[in-house]
Amino acid sequence: SSSDMKSVLAYLKKNQAGDNVKYFGKAKGKNVFVIHLESFQQFLIDYKVDGKEVTPNLNKFYHNKNTLSFDNFYHQVAQGKTSDAEMMMENSLFGLPTGSAMTQYGTSNTFQAAPAILSQKGYTTAAFHGDVASFWNRDNAYKSWGYNYFFYSAYYKEKSDYNIGYGLKDKIFFKDSVKYLEQLPQPFYAKLITLTNHYPYTLDKQNQSIDKTTTGDSTVDGYVQTAHYLDQAFAEFLTYLKKAGLYKNSMIVLYGDHYGISNNHRAAIAQLLGKKSVTTYDLAQFQKVPFMIHAPGIKGGVNHTYGGEIDALPTMFDLLGIKNKGYIQFGTDLLSKDHNQTVAFRNGDFVSPTYTKIGSTVYNSKGEKLENMTAAQKKTVKQMQNHVTTELSLSDRVIQGDLLRFYTPKGFKKVNKSDYSYKLTKT
Ligand code: GP9
Ligand code: MN
């Protein structure tokens, strides 16, 4: 109900974070590329197999002097996997505890998503993906989110060896996206969702150019190989961007959507990390994914702030010079001094620079179990847990109660889904 919206507004007001004056508007008016790195975990950055970098090009980008890179950035997805990541990245709303919010509510709900906000500020917005349009209900959710264009599998040439797993191989996907990209009026917001680095990490022979790992776990060992392929695909796209002059007038954002190697593979994970065994704490740390923002002229570097996918949009808005105040966003700007570094996992567990809580166990920052906490420690952990539980449940109320229909940000025009069609009209 609309009174639920009042609780949400009160919560957001209390937890609001200011901008960072050093970064605010530094990428204002630039094109925006959001590149979704499928199943890509942070541990791959600078990772080597037999002395060979698995992702040399992403590593270079990560360490570029104009790239803001975050090394304590966590995925926060649940069963909705990719769709949960997309929901957080573009709405700063959490996915749901079960199922996929995009599938269940993407068609009917009111949203105030990044594409809609940006298109009302003069951007052309487009999503690119080499799978069928209906996967995760994208064809409907993207209308609710205000995407002007959605280029999906039917927009790409089909050939027998072009596909692997869920769809188009990444190199072909990036290459064949260019002809649509070139037609977008600038400034544009373009999201490209990669696919090849997806479980079960199979790759055709001709594209295999790094050895698999040798943990003996067959679902794990191909991971570095498809990650390496994704890295090359990204490098080819970057070369195009530079040639086309887009590199210097764009903000390029990269993120990993969720883990590639699930916690069911403990022994293999330990081997990959060069450890005898992994603890529950190690597995929580293993949920880090990359988040990088490159823009010409900004001060880059590796930033150690703790955050997660929920915080991506407010951070991007800061750089684009868009005030977050007034939008219903559950994350906060990672560059703000007011940013809360307690990172919620979707099941209510959390990590932070001080305490990590998994199930009923609390760990300190060294990963040691805290068996006998002092009253003060208990109080702090309880407050953190409260924060996490509150933000998750209020975000759920927004989605499950379709609360954004009761609230329109100042200057924002409600999205009208019937304005959009992604049907391919073959001529
Ligand atoms: C499918 C793709 C995969 O289109 O985005 O989603 P996931 O299985 O990672 O949730
Ligand atoms: Mn995914």
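Above this text you will find the structure in question.
Treat the numbers as computed from the prediction; the structure is a model and nothing was measured.

What counts, and where the lines are drawn
Residues numbered from 1 in each chain as written. Chains lettered and ligands numbered in written order. Predicted model: local features only at pLDDT ≥ 70, side-chain atom pairs only at ≥ 80, totals over all residues. Heavy atoms only, no water. 1 Å grid on protein atoms, 1.4 Å probe; cavity = no way out; pocket = protein on both sides within 12 Å on 5 of 7 lines; lining within 4 Å. Points joined across faces, edges and corners; volume = space filled by probe spheres on them. Nonpolar A, V, L, I, M, F, W, Y, C, P; charged D, E, K, R; others polar. Helix = DSSP H or I, 4+ residues; strand = E, 2+ residues; numbered from the N terminus. Expected span 1.5 Å × (residues − 1). Buried < 20%, exposed > 50% of the residue type's maximum accessible area, 1.4 Å probe, protein only. Arc of directions from axis to C-beta. Contact = heavy atoms within 4.5 Å. Donors = N, O, S within 2.8 Å, 3.2 Å for Na, K, Ca; no water. Tetrahedral: all angles 85-135°; square planar, octahedral: opposite > 155°, others 65-115°.

A. Structural detail: empty space enclosed by the protein. For the structure shown, the criterion picks out two cavities of 30 Å³ or more. What the largest cavity holds in volume is close to 50 Å³. What lines the largest cavity is simply Ile164, Gly165, Tyr166, Leu195, Thr196, His198, Tyr199, Pro200, Tyr201 and Thr202. Here the residues of the lining of the largest cavity sort into six nonpolar, four polar and no charged. Within this model, the second largest cavity holds a volume of roughly 30 Å³. By residue class, the composition of the lining of the second largest cavity is three nonpolar, two polar and no charged.

B. Local environment of helix H1 (residues 2-15). In a regular helix each residue adds 1.5 Å, so 14 residues correspond to 20 Å; H1 covers 20 Å between its end C-alpha atoms and thus fits that length. Taken residue by residue, H1 has Met5, Val8, Tyr11 and Leu12 as its buried positions. For H1, the angular spread of buried residues about the axis comes to 120°, placing them on one side. Opposite the buried face of H1, at more than 90 degrees from it, the exposed residues are Lys6, Lys13 and Lys14.

C. Representation of the environment of Tyr142 within the structure. Looking at where Tyr142 falls in the secondary structure, it is placed in helix H6 (residues 138-144). Spatially, the C-alpha atom of Tyr142 lies 18 Å from that of Ile328, the residues being 186 residues apart in sequence. Residues contacting Tyr142, with those up to four places away along its chain left out, are Glu86, Met102, Ala127, Tyr147, Phe150, Lys191, Ile193 and Tyr422.

D. Representation of the coordination of the manganese ion (ligand 2). Bound to the manganese ion (ligand 2) are the protein donor atoms Glu38 (OE), Glu38 (OE), Thr82 (OG1), Asp257 (OD) and His258 (NE2), situated 2.0 to 2.6 Å from the metal. Given six donor atoms and angles of 53 to 167° at the metal, the environment of the manganese ion (ligand 2) is assigned as irregular. Each donor residue of the manganese ion (ligand 2) belongs to the same chain, and together they define the spacing E-x43-T-x174-D-H. Here Asp257 lies in the loop between strand E10 (250-256) and helix H10 (266-272) and Glu38 lies in the loop between strand E1 (31-37) and strand E2 (48-49), a separation of 219 residues in the sequence. Overall, the relative accessible area of 1% leaves Glu38 in the buried class.

E. Quick look at unusual backbone geometry. The linkage connecting Gln186 with the following residue, Pro187, adopts the cis geometry, with an omega of 0°. Relative to the helices and strands, Pro187 resides in the loop between helix H7 (170-181) and strand E9 (188-193). For the bond from Tyr199 to Pro200, the omega torsion is 5°, close enough to zero to count as cis. Among the structural elements, Pro200 can be located in the loop between E9 and helix H8 (218-221). One non-glycine residue, Lys81, lies in the positive phi region at around 35°. Judged by relative accessible area, which is 25%, Lys81 ranks as partly exposed.

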